[in-house]
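# Descriptive analysis of the structure
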Amino acid sequence: ANNKLHPRPEAQALYASVEQVYRGVQRIDDVAHQLKDGLGMQLRIAASPSLSLEIVPQAIAALGQRFAQARIYVETLLARDMVAQLATGQADIGICTAAIDNALLRTEAVGAWSLVCAFRADHALARHTAIRAEDLAGERLIRFGPETPQGQWMAHWCAANPQLALASVEVRSGQLACSLAGCGMGVAVVDNLTARAWRSHSLVFRPIVDAPSYQVVVARGENAPASVLLESLTELVRSRLAAG
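Conventions used here
Residues numbered from 1 in each chain as written. Predicted model: local features only at pLDDT ≥ 70, side-chain atom pairs only at ≥ 80, totals over all residues. Heavy atoms only, no water. Helix = DSSP H or I, 4+ residues; strand = E, 2+ residues; numbered from the N terminus. Buried < 20%, exposed > 50% of the residue type's maximum accessible area, 1.4 Å probe, protein only. Contact = heavy atoms within 4.5 Å. Areas by Shrake-Rupley, 256 points an atom, 1.4 Å probe, with all protein chains shown as cover. Phe/Tyr/Trp six-rings, centres within 6.5 Å; stacked < 30°, edge-to-face > 60°.

## Examining the overall build of the protein chain
Secondary structure summary: the protein chain contains seven helices and nine strands in total. For the protein chain, the residues scored as buried account for 38% of the 244 residues in total. For the protein chain, long-range pairs separated by at least 24 residues make up 78% of all intrachain contacts whose partners lie at least 6 apart in sequence. Put simply, the protein chain shows about 13600 Å² of open surface, and 53% of that area lies on carbon and sulfur atoms.

So, in structure tokens, the structure goes:
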């Protein structure tokens, strides 16, 4: 007689069902691990130039460590170009130093930036701990474009303080303004985001008394889904701005 046990059809059907459930759980577990690692995920980032010097790279590096397999694309854009890309879905998130007012976009403040003076390290102004308008009498201030926050504030500052004078050169970049100041072109008024990323010892930076502060905003499409990558990057940018 054959003493081998043979499972009943019902038992075979139950085993098949359990095996199918097990494989399904295994697939879910595999997908969960892939998502945790960022596999198949991507984020397209647009950032203002001054934020692209240090804050955004630091945040992206931390994001890359957290989601090692995620594809991250980043581009430096001015505010008007950033708005166009976000509104048309060419970028997922914009990190901007200028206010954004567009019905197709949602914005959230994540921090702030302010204005500082930049001048050569051997300049007499270096003895000051903060700069007032009267300290700059006889100095030439490197101009910023009238459409920039720096340019608009400098125009008001000069109008209220006749002793201030503008240089003949005009820029739209904090880095370029710093380079010109380092070459002796004049004193620069730049954002503190550029100042904190500046690595040359040829310049020193001092806060400006009563200088305004401006918001750093994160923008996304009004109907764009909030992905894990997008939310994580937002919080990383927020924390790095708060770190000063």
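There's plenty left to go through after this.
## A short note on unusual backbone geometry
Of note in the backbone geometry, Asp210 takes a positive phi value of approximately 65° without being a glycine. Structurally, the position occupied by Asp210 is in the loop between strand S8 (203-207) and strand S9 (213-221).

## Topic: the packing of aromatic side chains
Given two aromatic rings, their pairing is described by the distance between the two centres and the angle made by the two planes. Scanning the model with the defined rule gives two aromatic pairs in all. A ring pair is formed by Trp113 and Tyr214, whose centres lie 4.5 Å apart and whose planes are at 25°; its orientation type is stacked. Residue Trp113 is located in strand S4 (residues 105-120), and its partner Tyr214 is located in strand S9; the two are separated by 101 residues in the primary sequence. Using a relative accessible area of 2% as the deciding quantity, one classes Trp113 as buried. Ring plane angle 25° and centroid distance 4.6 Å describe the contact between Trp153 and Trp157, whose orientation is recorded as stacked. Of the two residues, Trp153 and Trp157 are both situated in helix H4 (residues 149-160); the distance of four residues between them amounts to about one turn of the helix. Residue class for Trp153 comes out buried when judged on its relative accessible area of 13%. Given the relative accessible area of 10%, Trp157 is considered buried.

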